[in-house]
Every structure is written in structure tokens, then in C-alpha cells.
Amino acid sequence: MAGIFLGAAFAYCFWLPWKTALLEDDMWWMLPTLAASVEGKSFTEVLVYLLGPWPISFGQPMLKSYLFTVTKVFGASAQPLIAAILLFHGVSVILLYGVCRLLGLSRRVAFMAAAIHAVAFAHFHVFFFPSHFRHAFAMFTILGLLQCYLRAQRRMPAASPARPAAYWATLGMGVLASFQRSTMIAPVIVLAHLLAAPAGAQERLFRYRRWIPLFAVWMLYPALMIAFVGDVIVNDAVVGLAYPPVLKWMALLALGAAALAGIDFLIRWVGVGSWRAKRLTLVGGFGGLALWVLLAWQDKRQLLLPYHALVPFVTSLVSLLDPLSAALRIDSTQAYQYFPAQLPVWSLLFSGVGFLVFWTAYLKRKPQLWIWVVWYGVCLIHLLRHYSNTPPTVPSRYFVYVTPVLAVVLSCAVCRGFAWMNSSLRVGRVSLEGFQAVFLVAVALPNLMAVPVAQWRGKMANTYLTYDDFRTARLIRDDLEVSDAFSRLAPKEIEVRGVVPMPHRELAPDHSTADPGRYDNFRLAVGQAFQGTRVPAVRVNESAAAAAGRPLYTIEGPRVLDGRGRSINPFDQRMNAGFKRLGTGDREGALQAFRQALQTRPVLLRYLLGNLKLSDLRWLTRGEGLRDWAHQVSDHYPYPRMGGPVPKLERTRMIMEEEIWDQITGLFFVSYLLEKEGRTEEARRWMAQIYFLEPDAVVLTSQLARHPEIQGRPELLSHLDRFREGGYFQEPIPWRKDDYGFERFLVELLLGWRVPSGWERGPALAL
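All values derive from a computational prediction rather than experimental measurement.

Draft legend 1. Local environment of empty space enclosed by the protein. For the coordinates displayed, the defined rule picks out 4 cavities of 30 Å³ or more. The calculated volume of the largest cavity comes to roughly 140 Å³. If you go around the largest cavity, the residues you meet are Leu 22, Leu 23, Glu 24, Met 27, Trp 28, Thr 466, Asp 469, Phe 470, Asn 521, Leu 524, Ala 525 and Gln 528. Elements that contribute at least two residues to the lining of the largest cavity include exactly α2 (27-38), α21 (467-482) and α23 (520-529).

Draft legend 2. Structural detail: the nonpolar core. Formed by 222 residues in total, the largest nonpolar core has its most connected members in Leu 67, Phe 121, Trp 372, Trp 375 and Met 460. The element best represented in this core is helix α7 (residues 133-155), accounting for 14 residues. For Met 460, the contacting residues outside a window of four places in its chain are Tyr 467, Leu 604, Tyr 607, Leu 608, Trp 629, Val 633 and Met 656.

Draft legend 3. Molecular detail of the packing of aromatic side chains. A complete count under the given rule lists 32 aromatic pairs for this structure. On the basis of an interplanar angle of 50° and a centroid distance of 5.4 Å, the ring pair of Tyr 467 and Tyr 607 is categorised as tilted. Of this pair, Tyr 467 sits in helix α21 while Tyr 607 sits in helix α26 (residues 603-609), and the two are 140 residues apart along the sequence. Neither Tyr 467 nor Tyr 607 differs from the other in exposure class; each is buried. Seen in terms of ring centroids, Trp 619 and Phe 742 are 5.2 Å apart; in terms of plane orientation they differ by 75°. Their pairing is edge-to-face. One end of the pair, Trp 619, is in helix α27 (residues 618-621); the other, Phe 742, is in helix α35 (residues 741-751), with 123 residues separating them in the sequence.

Draft legend 4. Summary view of the pairing of strand β5 (residues 552-556). Bridging between strand β3 (residues 493-497) and β5 involves 3 bridges; their strand directions are parallel. In the sheet register, Val 496 faces β5, and the bridge partner there is Tyr 553. Alignment of β5 against strand β6 (residues 559-561), held across 3 bridges, turns out to be antiparallel. Bridged to Ile 555 within β6 is Val 560. The antiparallel pairing of β5 with β6 creates a hairpin that spans 2 residues between the two strands, and Gly 557 there sits at a positive phi of about 60°.

Draft legend 5. Representation of the side chain of Asp 469 within the structure. Secondary-structure assignment places Asp 469 in helix α21. By relative accessible area, Asp 469 is classed as buried at 4%. At 2.6 Å, the side chain of Asp 469 forms a polar contact with the side chain of Lys 648. Setting aside chain neighbours within four positions, we find Asp 469 in contact with Val 499, Val 500, Met 502, Asn 521, Phe 522, Ala 525 and Lys 648.

Draft legend 6. Main features of the pairing of strand β4 (residues 537-540). Here β4 shows a clear split, with Val 538 and Val 540 buried on one side and none of Ala 537 and Arg 539 buried on the other. Sheet topology note: the β3/β4 ladder contains 4 bridges and is parallel. Among the inter-strand pairings, Ile 494 is bridged to a residue of β4, identified as Val 538.

Draft legend 7. Expanded view of a nonpolar patch on the surface. Together, Phe 43, Leu 47 and Leu 51 make up an exposed nonpolar region whose accessible area comes to about 310 Å². Looking at the element boundaries, Leu 51 is found in helix α3 (residues 43-51).

Calculation criteria
Residues numbered from 1 in each chain as written. Predicted model: local features only at pLDDT ≥ 70, side-chain atom pairs only at ≥ 80, totals over all residues. Heavy atoms only, no water. 1 Å grid on protein atoms, 1.4 Å probe; cavity = no way out; pocket = protein on both sides within 12 Å on 5 of 7 lines; lining within 4 Å. Points joined across faces, edges and corners; volume = space filled by probe spheres on them. Helix = DSSP H or I, 4+ residues; strand = E, 2+ residues; numbered from the N terminus. Core = buried A, V, L, I, M, F, W, Y, C linked by side-chain atoms within 4.5 Å. Buried < 20%, exposed > 50% of the residue type's maximum accessible area, 1.4 Å probe, protein only. Contact = heavy atoms within 4.5 Å. Phe/Tyr/Trp six-rings, centres within 6.5 Å; stacked < 30°, edge-to-face > 60°. Pairing = 2+ DSSP bridges. Polar contact = N/O pair within 3.5 Å; in protein donor to acceptor, adjacent residues only side chain to side chain. Patch = residues over 30% accessible without salt bridge, like charges linked within 9 Å, V, L, I, M, F, W, Y side chains within 5 Å. Areas by Shrake-Rupley, 256 points an atom, 1.4 Å probe, with all protein chains shown as cover. Salt bridge = Lys/Arg side-chain N within 4 Å of Asp/Glu carboxyl O.

The structure is reproduced here in C-alpha cells:
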């Protein structure tokens, strides 16, 4: 029952961000580059490109193949790409259960470990970002290879020349794994299992030699990539050598063969004479070599501190046991969700107890479980460099390699604790099963709920570059639907002018080979906006006159205009109606128009909030004004590195600024009109909402005083001075009277329910 409940909760909590997901910023150069690279090529040429290691920045064969296949079949939308990732993750969960069972763990431990890995919040970033499919696929190949390898080991008796189907399946998974650098975990774990298995020296040597083809297969493609193209870790250190690439490839293969022969020698050497002495020598030699490589390669002089070795595990544990707090700690202005590295005392003690139980109750009895220790050690080589900065952070996507280890250790410790309860307290088997189910649900449910929260908070930072195009496409779609032109658009096209090309040359000169003048990114945005409906053909920035009957749209600054020069933004239309009625003295009509505009909202607030209240911005900005928060998002793009301002970034920054001031202006005029009617308390509450957007009274008064509808009008300027009155503007601050706080926000985000706050009076303030 617990499994069924968790499956339903998983589906629901992942459905929420899935149905509104957009292609993240990496896709703006990956998909056009992929399309440009395969255009006009034959099937064979396309296959060679997809499986080839070039270019170095986009040389992951599985990533290219995944993007090409899914977009060819389902189109360039986020939903099918994410669905494919979730499919591989689901298979990985099943494989983890099988690996645990093959390593001798009980069904209860294996199920709990698989469930924890399935729902762990720390690696949620992998699921919703197509560019990180490679990490989900790497987990699939690593666990699939281990599953096949362990089954083959069971079916191959010692010194038997038999090669069952599982053996060849392992080699096949090794070929798949070799196409990705992240799967370096797999051969190291296999080697660790071969050496740790209880067997004599001759049997251990025979097993190793039996699996040499697996290690050899895994070396072929990485050596080819390093010799011919390079790698993001070693860069062009090998490619730059003045030797033929084939010769360098053969030299790397020879180096790998020498390493395999060296391991063979060490196994034979350890098997002769005093095992204890040589084991200590072997461990010391390998440990010293590994430490030297880490220190020399990444200058990890602080690696000697236990802190660095514990941080990934403990940070993952903290996010598992307190996921909602972890979701709020992630910097919402930075893309890719970086987790702050943490080592609190309570989690450190909890980890220590878990390791102690795992050591005493499992490792001593089942030496094959040492592969999880080796797994974690290999992960550290890559993870350590991410939190050597200040403040230390770790990208969410890399936790996908840590959570299997965490899941196994935690499950072993918890199940051992429940077994002690059963033997000491005699709670009974039924009660014990109930306790375990409650524990699993209590851990899993908050992790699942934290995923929509984190996706909502990181939406803008991860789609910042594409926001301008998506906003334009969404406004065009809304205009076509309102004007009833959408139903008659099937055989026709739309034309859009004023589109700024994506900065392929400025931001991705070494990554993208796409022509920005083709405006493929804008067409991708149109496909996202028209998702689930007919996607019209689009003509972009063409100089010829628009054909009769073809809808024409022009982008001028923050406004999108139709063929008659009118803004198609419903917020602008209602604000303009309010200004006209105010100019004629119709205050009641103006108040109604301004309220309608605020209920419509600018596109930015609709994009960020959906149906949430304006007061919920505090969970996005952590109490800062939205305007300052938006500037922090844009400041993550360093202009000096790009040689100056980039038009696309400048436009996006300008649009966000204008839309925030549009909302502020609407709130100001509603407050002013309510004040004129003598409804002072209600006017104060409307004006207080501006605090979520811009809390600086000086900035507010100076900016609004220049608004053409306010400038030179004494009554409006007099009301504007109220911003300097702390009791009027800053009190009552709405969230200080919100009796429900984060719980209310979570209910509204997950269930879509409208929960009234303590400071609200009626639906008018539910903005």
C-alpha cells in the first residue's frame, strides 16, 4: 500500500511542474546546433554525427541521440523530453532494487533503498532539464551493468569457461556506458567487487581475467574522444600534441592495456606470501596514488580534512530529511539549482550512527557491499571541485550519483533499527510493517512536495534567455484566440518583426554552430506557446510587405503591436482604458479598469506566479523586492566576458523592468482612486502590496513621478508622497499578518486551492 501511495504522489507532484515546463536555457543553443548539424545529411552521416565525440562541448553521443530521436518523433517540446528522462529514472529505480537483492540485501532494505532513490529531492534537477538527460542515462547504464554483471557472476562457476547471456549483456551495457564520462563509476565498482569477493588468489585472478574484455571495451571510446577531439576535463592537452590522432589513440589504448596488466600483476603478487602485509601495502599504495592524483589534478589541499569527504553525503541527507527547507535555500536567481553545502551537527551525528550500523551489521558480514564505499569515493573525485569555492555549493544534478549510496546506507540502518525494535520491544510483525511504511511515507512525501516548489522558484533563472521570445509567442497566441483568428489560421502564416536573435556568437562561440539569423529559437518558443494546438508557420523579420490576411505583429520595446499598431497585451489594453476614463473624470470606471488590469497581470507576474497571490513572491525572492531580484537574475551574465552589452539580454532586462513598473503603476492608481472615495484602509492595503515589487520609497517616488499620467498632476503627486509615510506604505506589511504562511502557499501551489490570508478582505486583493 505504501508503494501504491508513493507512486500516486510521485505522479501528481511531478505532473505539476511537467505540464508547465519549458525548455531550459541550454536548449536555446543545443537544439538549433543539432538541427543545423544534421540538416541535409544522409542517414549514415547523421548516425556518424550522433555517435561521434565532436564537437567537444556537445560531444555526448547519448545526449545528441536522445534530443534528435525525441524531437523527431514528438517535436521540440519540453514534455516528451522530460517524459523520456523520467522513464529512464523509473527503470534505474527498478535496477537499484535488483542490484541490492543480488548483493544479498533483504527485500525490505532493497525496496526502501529504491524508494528513497526514486523520490530523493537532492537530484530533482536531472528530471526537468533535457540537457542533463546524460546523468539519468548514466545511472541507467551503471545500474544496468551492475545488474547484468552480478547475474553473470552467479551463473558462472569458478574456473568455468562458460559465458551465459548475462555476460554478453554486461559487455553490451559496457559499450553503452563507455559513451559517457560519468559512467567511470561502473568499471571501478566491478573491479572492487572482483577484488573484495571472498575467494582464493587463483579464483580472484581467474575472475579478473574473465572480465578483462569489459574493461577493454570501456576504454575504446573514451580514448578515441581524448585523442581526436578532447574532453571537458583534460581539454585539448592530448589533442594539442603534435602527433597523428590515430597514434595518440593507440598510445592511450596501450596505456590502458598496461594498467590492466599491472592490476593482473598486483592480484598475483598479493596472492603469494603474507596476505596482511601485502594488503596493507596495496591499500597504502592505491590510497597514496589516488590522493596524489586528486591533489595534483584539482589542487585539493584541503582534502585532508574529513569535512570535504562528508559534505556530499551529509548535504544529500539534509535535503532528504528536510527537503522543503532545502528547496527554499537554493538561490532562485542562479540557474541549475546549486545546493549550499551543509554539515549541521544533527545530520553529522545521524550520518555517523548510520555508518556505524552499516559497518557493524552489514559490511563485516557482506564484503561485497564495499562497492558502495568505492562508489562514493569515485563520486568525490568529481564533486569536490564544486564546493571548494566560497560559499560552497554543489549542483543538484550531481547528487544523482550520491543518492544510491545514501539510500542503501540509510535503508540498512533504518531496517536494522526496526529489527531491533521487533526483537527488543516485540511490537509484532504487522506493527513493524506499519512503522516502516509510515517512515517511508513521512520521508518521501516532503521530498515529492519540494520538487514543484524548487521548480517554481527556479523557473525564471533557468529560462531567462528564452523569456523574451516565449512572452511574445504567448501574447500572439492569446491575441489570435481572442480575435477568433486562430481557428482560421490553419493554412496561413503569421509574421513577426522586431525579434532580437539569440546571442549564439556572444554566449556560446565554442558551443553553437547555428545561424542566429534563422531565428530557430523564436520558432521553438512559438512551438512551446502553442503546445497542444496547431503551431502556425512563422515569418521572422522579413522586409517584404505582409501578405493580405496574414497576421502581422511588431515588437517595439516592451510592447507587442498588431498590424494596426495597438498593443496586444490585455494588461496594457485595460490600463489604457483606465487612463482614458480617468481623463474624462469617470473615476468609478477607471477604478474598475485598473482592477481588471491587475487581475490580468503583466506577463512576467503570470509567468512567475500563475494563480498564486502577489504576496507569495516572498517565497521566490526571500523577502526582497521583485525588481532587485530580477536584476540579480540578469547580473549572472557577466558582460565584460562578452565584450559589452548583448542585445538579447538587454531586451529581457528591460522587459522585466517595465512589467514590474506596470504592476506598480496599476497598484498606485487603484490606491489613489480608493483614497479619493474615502476608503483609506483599503487604499493602504492596495498600496502596501507594492512592497513586494519595490520596497525603496525613494526609488518609487522618483520613478512614478516621471510617469506621463502622473507628472504635473498635483493630486497624484500628493498621493505619491504617501510612499514616504512609513505607517502608510510599509505598514501593514501583508505577510506579517498572514496567519498561514508557507503552509498556505504550499497548499495553493500543489492543489490550486485558494486559502484566504489573515490580512485579506475579499477576492480583490488575491493578486
